[in-house]
Structure formats: structure tokens, C-alpha cells
Amino acid sequence: MNVKRSPWLLHYDGSSCNGCDIEVLAALTPVYDAERLGVVNTGDPMQADIFLITGGINAQNAPVVKQLYDQMPRPKVVVAVGVCACTGGIFKETYNVLGGADTVIPVDIYVPGCAARPQSIIDGIVQAVALFQQRSDEHDALVKSQKGAN
Amino acid sequence: MGKKSVVPFGPQHPVLPEPLHLDLVIEDEVVEEAIPSIGFIHRGLEGLAEKRDFNEMMYIAERTCGICSFGHGLGYVEAVEHIMNVQVPDRARYLRTIWSELERLHSHLLWLGLAADAFGFESLFYEAWRIREKVLDIHEMTCGGRLIFSVNKVGGVLRDINADQQKFILDQMNVLEKEIKNIAKVFLEDYSVQSRSKGIGVLTTKQAHELGAVGPFARACGIKNDIRLTGYCAYGELDFEPIVSNDCDCYARLEVRIKELFQSIDLVRQAFAKIPAGELETKVAGFPKGEYFVRI
Ligand code: SF4
């Protein structure tokens, strides 16, 4: 893989059972070590490029998730980790869960599993890095063409 | 005396894996008060209990929390078994005990790692989580999942631990014991860890009683209370003493959990030494009707 940029990750727990959250953390700690792919975990949405979201959306967290997404600079990539974030999963039919992460924000990559395994989370991150690269290139080309027009 | 100001904290914050919002009332750089608001991860799984078959509900109960999933599932099946008057085979009781203790190992190591991260000792966090992966490997080998076990069922368990696996687990226990001793030294003797945990976050025994603290948290506040002593599963046949500390601070919580790691290793060994051969489950007929209260 040709890594030109080092995207920063933002992780947020929608309404997960914690299973997927700790697998995201496990993917970042020594045994799996996703940081070797050039990504780093950040807590600041304004510096983040890739948004890892676990758990489904409920009435109370919908505005939080939306706000986090809006605060991220463009270009950005969203990865839904675990079946809860993909579709609402086992909790889809509860009275409080509205659905997967894509009910409020656009999701690019879906990582299945309950809990999603660190290996598949890393796979999701690899795909997100590639997509981020592509979007950044498009973004740069657009900026260049606009500058040329002026 | 400075002026009071309120700093919002969360719901998204790097130090929290889970969302929680706090209004921190700050005076002269000291947090005087923290006003929480919760409910960001409320899913309402109790509502699902009305829609699902009672056998299926076990899997939903496990997903209450991914860190202590076995405990939640166990509480559910124990309650249903009591209502239906089902006698669980001895081997299943011992297997449940072993999985409970393995889960405690992973949960405590996870907690210790996150605590280390919270007080800014990142390499200790990584080390605790590296050791924890060894426990998760055992989960994966015996259940197929790393965090969600799904081996319990009303009436018994779905999988067995065979002789090869048992040998592997017991070997791993020796490795874990050695590695945990190394991090225990840092957690309990390191000056910088002590400066950030001794005398911090004191919850007196009286307060802990009033607030209804449970588990290692209560035991770190001097409450000699361990639900395992009630003897559910096979705990009644194993030999252990609750680990209690009277310091009531963050250091006490570290200490209790570290000592419980060794206790869990010991309980796994004891359980394997005593586990009888036999059936894994009893046939269950009919539907549960009634109420029962279980503490795990
Ligand atoms: S997908 Fe499974 S493990 Fe992940 S948050 Fe949902 S219930 Fe928990």
C-alpha cells in the first residue's frame, strides 16, 4: 500500500454494548497495532479524517453523531464498526434504537461482526485510508483547477 | 478564592470509551463538582424481552455489556433455571465458573489498562492490554468469540473444554501469572503511579454503603462483600477469601483488582482440578413463569 498521508482516527461509541469499542481499542494496541498503517487515534473531531463509529443511533445520540461528523474537515471517511453500527443489529427492534449509523450520517465502509474482530476493523481502516487518499487527491485537483480559473 | 466556572466534558472525549457528559464545576483549577448526564447509549433491550423467545433472550442479555457479557448471560440463565426448577449438571456448573473467572481476568486487565491510560502511563496501558490478549485467545479457542461468549443456555452450556484445551489453558495461566507479576510491581510500587492514586478519589465505607457500591469497587472501600461467596455455579466448592482494602482511594482499587487477578488464576486452577466428567446440559421443557432475583 502506498501511504502518502497519515489520516487521524476519531472513535465514537453510539450506543454500542462496548464489545466493538474495546475491539477498536484492541486494534490500536500492540498485538494488532493499526498505527503501523500510518493512522493515529485522536480525540479531536476537528483534526480527524476517518470516523469510526460503533453502536446504533438513538434519539439522544443522533445530534451528537451528526455534530461530530460536521466538525470533521473535508475530505472525510466514515467507517461503521459492528452490526449495531451497520444496521442497528440485535437491537434494531428496541423502542429506542433508530437504526445504523447511516440513519444520520453517510457511511462509506461497513465492518460486520458482533463484536467486529480487530482483523476486520483493520481491514476497514485499510480501505478507509485508500478512500481517504482518493478523496484527498480529488479535493486537491479541484482546488488546483479553481485556482487556475482565477 | 477564584471564581467558579463550568467546563463541559463529553459526551465525546478521548479518555472515555463510552459517552458520558459531565458539567465540571471548576474553582482555581480544582474540580469541585461534577454533574453527570447519562443515557447516550440507552437502547432499551428490556423491551426486547417481551418479543423474544426465552432461549433467545440469553444472547441479548449477553450484549448488555461486551466487557462482562458472560456475567450478564449467566445471571439471566440462572434466573430462568431457578424459575423452571432446572438442575444444571455439575460439569456445566464448573465450566461456567471457569469462563466467569477468565472473563474477570480480561475485564480487570482491561480496567487496569484504561486506568493507566487515564493517569497518563501509556506504556503500562499497552502492556496490560498485551497480556489481556492472551486471555482473549483462550476465549476464542473455547467459545469461538473473543468477547461475546454465547456458550450458556438455559439448562447448561453448549460447549465443552477438552483435555488438550485444558492443558493449554493451565499453561497459559502460568505465563499470565508471571507477566501479571511484572505489571503488578509497576502498579503498586511505582512512585508516579502512587502519586496519582494514593489519597485520590476517596469514597468512605459509609458513602459506599449509601451509594450501593458493588464488586471490587465496594471491596476497595472496606466492604467485605463478594457475591461469589453465596456459592452460585461451583463457587461454593472452591476455596477463596474476598480481597478487601480499607484505604478507599484509587490506589486501593488498583490493589484489589491486581490481587483479584491472582485469585482468578487460582480459581481457574482449582476448578480444573475438581471438574467432574459428565453431561453438559439438562433437557428443559415448558416455559418459565414467575419471578426470581439473582446476583452474580
Ligand atoms: S455489534 Fe455486537 S459487540 Fe458490537 S456493539 Fe453491537 S452488540 Fe455489541
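These numbers were taken from a predicted model, which means no experiment stands behind them. (Residues numbered from 1 in each chain as written. Chains lettered and ligands numbered in written order. Predicted model: local features only at pLDDT ≥ 70, side-chain atom pairs only at ≥ 80, totals over all residues. Heavy atoms only, no water.)

Caption draft 1: Quick look at the overall build of chain A. Of the regular secondary structure elements, chain A holds four helices and seven strands. Put simply, chain A runs from its N terminus to its C terminus through helices and strands in the order β-α-β-β-β-α-β-α-β-β-α. For a compact globule of 150 residues, the expected C-alpha radius of gyration is about 15 Å, and chain A comes in at 16 Å, within 12% of that figure. With the C-alpha coordinates aligned to their principal axes, the bounding extent of chain A is approximately 55 × 35 × 20 Å. Looking at chain A as shown, the accessible area adds up to about 6,300 Å², and 53% of this sits on carbon and sulfur atoms. (Helix = DSSP H or I, 4+ residues; strand = E, 2+ residues; numbered from the N terminus. Rg over C-alpha atoms; globule rule 2.2 N^0.38 Å. Areas by Shrake-Rupley, 256 points an atom, 1.4 Å probe, with all protein chains shown as cover.)

Caption draft 2: The nonpolar core, seen in detail. Counting residues in each nonpolar core, the largest one holds 95 residues, and the members touching the most others are Ile 125 of chain A together with Trp 99, Leu 105, Met 173 and Phe 187 of chain B. Here this core takes twelve residues from helix H3 (residues 90–118) of chain B, the largest share from any one element. Excluding residues within four positions of it along the chain, Leu 105 of chain B makes contact with Val 135, Met 173, Leu 176, Ile 180, Leu 261, Ser 264 and Ile 265 of chain B. Counting 20 residues, the second largest nonpolar core, distinct from the first, contains Val 65, Met 72 and Val 107 of chain A together with Phe 40 of chain B. (Core = buried A, V, L, I, M, F, W, Y, C linked by side-chain atoms within 4.5 Å. Buried < 20%, exposed > 50% of the residue type's maximum accessible area, 1.4 Å probe, protein only. Contact = heavy atoms within 4.5 Å.)

Caption draft 3: Quick peek at the pairing of strand E3 (residues 50–54) of chain A. Residue and element names in this part refer to chain A. The buried count for E3 comes to five of five residues, which makes it a mostly enclosed element. Burial along E3 is two-sided: Ile 50, Leu 52 and Thr 54 and Phe 51 and Ile 53, pointing in opposite directions, are all buried. Sheet topology places strand E1 (residues 8–13) next to E3; five bridges connect them, and they run parallel. If you follow His 11 over to E3, its bridge partner there is Leu 52. The sheet contact formed by E3 and strand E5 (residues 77–81) spans five bridges and is parallel. Opposite Leu 52, over in E5, you have Val 79 as the bridge partner. (Pairing = 2+ DSSP bridges.)

Caption draft 4: Geometry of the domain arrangement of chain B. Taken as a whole, chain B is organised into domain 1 (4–37) and domain 2 (89–274). For domain 1 of chain B and domain 2 of chain B, the distance between their C-alpha centroids amounts to 29 Å. (Domains from an automatic or database assignment.)

Caption draft 5: Quick peek at the interface of chain B and chain A. With 40 residues of chain B at the contact, the number on the chain A side is 39 residues. Both sides together, the interface formed by chain B and chain A hides about 3,300 Å², and carbon and sulfur atoms give 61% of it. For Glu 140 of chain B, the salt bridge goes to Arg 117 of chain A, with nearest N and O atoms at 2.4 Å. Along the contact surface separating chain B from chain A lie 14 residue pairs in polar contact (both at pLDDT 80 or more). Of all the secondary structure elements, the ones that give two or more residues to the side of chain B that touches chain A are helix H1 (57–62), H3 and helix H4 (122–143) of chain B. Looking at the side of chain B that touches chain A element by element, the count peaks at seven residues for H4 of chain B. (Buried area = accessible area lost by both parts, 1.4 Å probe. Salt bridge = Lys/Arg side-chain N within 4 Å of Asp/Glu carboxyl O. Polar contact = N/O pair within 3.5 Å; in protein donor to acceptor, adjacent residues only side chain to side chain.)

Caption draft 6: Region of the structure containing the site of the ligand. Taken together, Ser 16, Cys 17, Cys 20, Val 83, Cys 84, Phe 91, Gly 113, Cys 114 and Ala 115 of chain A together with Arg 63 of chain B are the residues near the ligand. Positioned at a junction of chains, the ligand has nearby residues supplied by chains A and B. Classifying every residue of the shell around the ligand gives seven nonpolar, two polar and one charged. (Near = heavy atom within 4 Å. Nonpolar A, V, L, I, M, F, W, Y, C, P; charged D, E, K, R; others polar.)

Caption draft 7: The arrangement of the pattern of salt bridges in detail. Residue and element names in this part refer to chain B. All chains considered together, the criterion is met by 25 salt bridges over all chains. A salt bridge links Glu 237 to Arg 93, with the shortest nitrogen-to-oxygen separation between them at 3.0 Å. Separated by 144 residues along the polypeptide, Glu 237 in the loop between helix H8 (215–219) and helix H9 (250–274) and Arg 93 in helix H3 bring together distant segments of the chain. Overall, the relative accessible area of 18% leaves Arg 93 in the buried class. With its nearest N and O atoms 3.2 Å apart, the salt bridge here joins Lys 167 to Asp 171. Of the two residues, Lys 167 and Asp 171 are both situated in helix H5 (residues 163–189); the distance of four residues between them amounts to about one turn of the helix. Where salt bridges share partners, they join Glu 101, Arg 104, Arg 219, Asp 226, Arg 228 and Glu 260 into one cluster.

Caption draft 8: Up close: a negative patch on the surface. Residue and element names in this part refer to chain B. On the surface, a cluster of negative charge is made up of Asp 28, Glu 29, Glu 32 and Glu 33. With respect to the element layout, Glu 33 can be found in strand E3 (residues 30–37). Overall, the relative accessible area of 43% leaves Glu 33 in the partly exposed class. (Patch = residues over 30% accessible without salt bridge, like charges linked within 9 Å, V, L, I, M, F, W, Y side chains within 5 Å. Lys, Arg positive; Asp, Glu negative; His and termini not counted. Charge placed at Lys NZ, Arg CZ, Asp CG, Glu CD.)

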